[in-house]
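Analysis of the macromolecular model
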Amino acid sequence: LRKNVEDFTGPRERSDLGFVTFDITADILNGKNGLQTFRNKNTFIIFDWNVKQLFLYLSAEYSTKNNALNQVVLWDKIMLRGDNPRLSLKDMKSKYFFFDDGNGLKGNRNITLTLSWNVVPNAGILPLVTGSGHVSVPFPDTYETTKSY
Amino acid sequence: RVCGWPRSGGIRGGAAMDLFGDLRRMNKRQLYYQVLNFAMIVSSALMIWKGLIVVTGSESPIVVVLSGSMEPAFHRGDLLFLTNFHDDPIRAGEIVVFKVEGRDIPIVHRVIKVHEKGNGNIKFLTKGDNNEVDDRGLYKEGQNWLEKKDVVGRARGFLPYVGMVTIIMNDYPKFKYALLAVMGAYVLLKRES
């Protein structure tokens, strides 16, 4: 995971903009990250007859001086029933701009990235599930001024 | 059942007139009974709706999806069940129904950014799954974030297609009146033996 932080005139006053590239490995079918192994035979199958799709999203969660809690969705994907439930994505760039509300990304050592998903049934309850396993990302203390990304 | 009603209609004379007077009186009482029955059904329905509002904490606990901006999860005509508990924090990934200040129509989209202060003040940004860009274009002029007060509720459950009836009734008012007339006639004319 590599990161740059740049002061960027976004939709409003200058705020920190972070760039993150990431790899995702997940075994959604069995509700576990690919990093974990099966513990027992009773793993639940997440794509049952009542699941129409999963809305997956990678969110970054962190605290800043300005705000006690920040969550920014960096990337999302819709996985329909029938799609390959095993994800192995490498070197992905974030889909959405990672703007902070203020300048809290500079020098922030503890940004946690987690993969979660929204189960959309054919009919019924809409649960939000967080995958197990998360990664912590530190941002550097200085801003980058290069334009390449 | 009304039986043995005094035959004051007999003053007009004739057995046939007796019977006729009888019938008209019985029907009038029956009619009042049916109207009361109808009123009771309507009141019960209203009470159930109000009860839902209280239990869920949302001013509109059941909403119909009007646009395709959340496809393929939700399509136009799907029904959503909402809750709006005060202590439920707003978190990224949740599907919220919100109203933009000054507009009547609620919008169903997903939360993609959350910034919460220590004192509980939350501001968040939404985006429809099927839209390319976030909802800033939909908010009020100059408004960049949504707040808790804009939220009608969080989507907790859903039923496909069922809400189509409401959309049809909205787009074709004649259908709505016809449906109401049929329902009204049914309740008023149904005999309980």
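Here, every reference points to the structure presented above.
The rules behind these values
Residues numbered from 1 in each chain as written. Chains lettered and ligands numbered in written order. Predicted model: local features only at pLDDT ≥ 70, side-chain atom pairs only at ≥ 80, totals over all residues. Heavy atoms only, no water. Salt bridge = Lys/Arg side-chain N within 4 Å of Asp/Glu carboxyl O. Helix = DSSP H or I, 4+ residues; strand = E, 2+ residues; numbered from the N terminus. Buried < 20%, exposed > 50% of the residue type's maximum accessible area, 1.4 Å probe, protein only. Contact = heavy atoms within 4.5 Å. Buried area = accessible area lost by both parts, 1.4 Å probe. Polar contact = N/O pair within 3.5 Å; in protein donor to acceptor, adjacent residues only side chain to side chain. Nonpolar A, V, L, I, M, F, W, Y, C, P; charged D, E, K, R; others polar. Pairing = 2+ DSSP bridges.

Residue and element names in this part refer to chain B. Evaluation of the coordinates by the stated rule reveals eleven salt bridges over all chains. Of the charged contacts, one joins Arg 156 and Asp 88 as a salt bridge, the two residues approaching to 2.9 Å between their closest N and O atoms. Residue Arg 156 is found in strand β7 (residues 151–159), and its partner Asp 88 is found in the loop between β2 (79–83) and β3 (95–98); the two are separated by 68 residues along the sequence. Owing to a relative accessible area of 30%, Arg 156 belongs among the partly exposed residues under this scheme. Its salt-bridge partner being Arg 91, residue Glu 116 comes within 2.9 Å of it at the nearest N-O pair. You can see Glu 116 sitting in strand β4 (residues 107–116) and its partner Arg 91 sitting in the loop between β2 and β3, a full 25 residues away along the chain. Take Arg 91: its relative accessible area is 23%, and that puts it in the partly exposed class. Because the salt bridges share partners, they merge into one network encompassing Glu 101, Lys 140, Lys 149 and Asp 150.

Each partner contributes residues to the interface: chain A has 31 residues there, and chain B has 31 residues. Taken together, the two surfaces of chain A and chain B that pack against each other cover about 2400 Å², and 54% of this comes from carbon and sulfur. Where chain A packs against chain B, one counts zero salt bridges. Along the contact surface separating chain A from chain B lie 15 residue pairs in polar contact (both at pLDDT 80 or more). Looking at the side of chain A that touches chain B, the elements with two or more residues in it are β4 (51–62), β5 (69–80), β8 (111–121) and β9 (124–125) of chain A. With seven residues, the single largest contributor to the side of chain A that touches chain B is β5(A). Within the side of chain A that touches chain B, the residues separate by chemical class into 19 nonpolar, eight polar and four charged. Here β5(A) runs beside β4(B); their pairing, made up of four bridges, is antiparallel.

Fair warning: the whole summary comes from geometry, so function is off the table for now.
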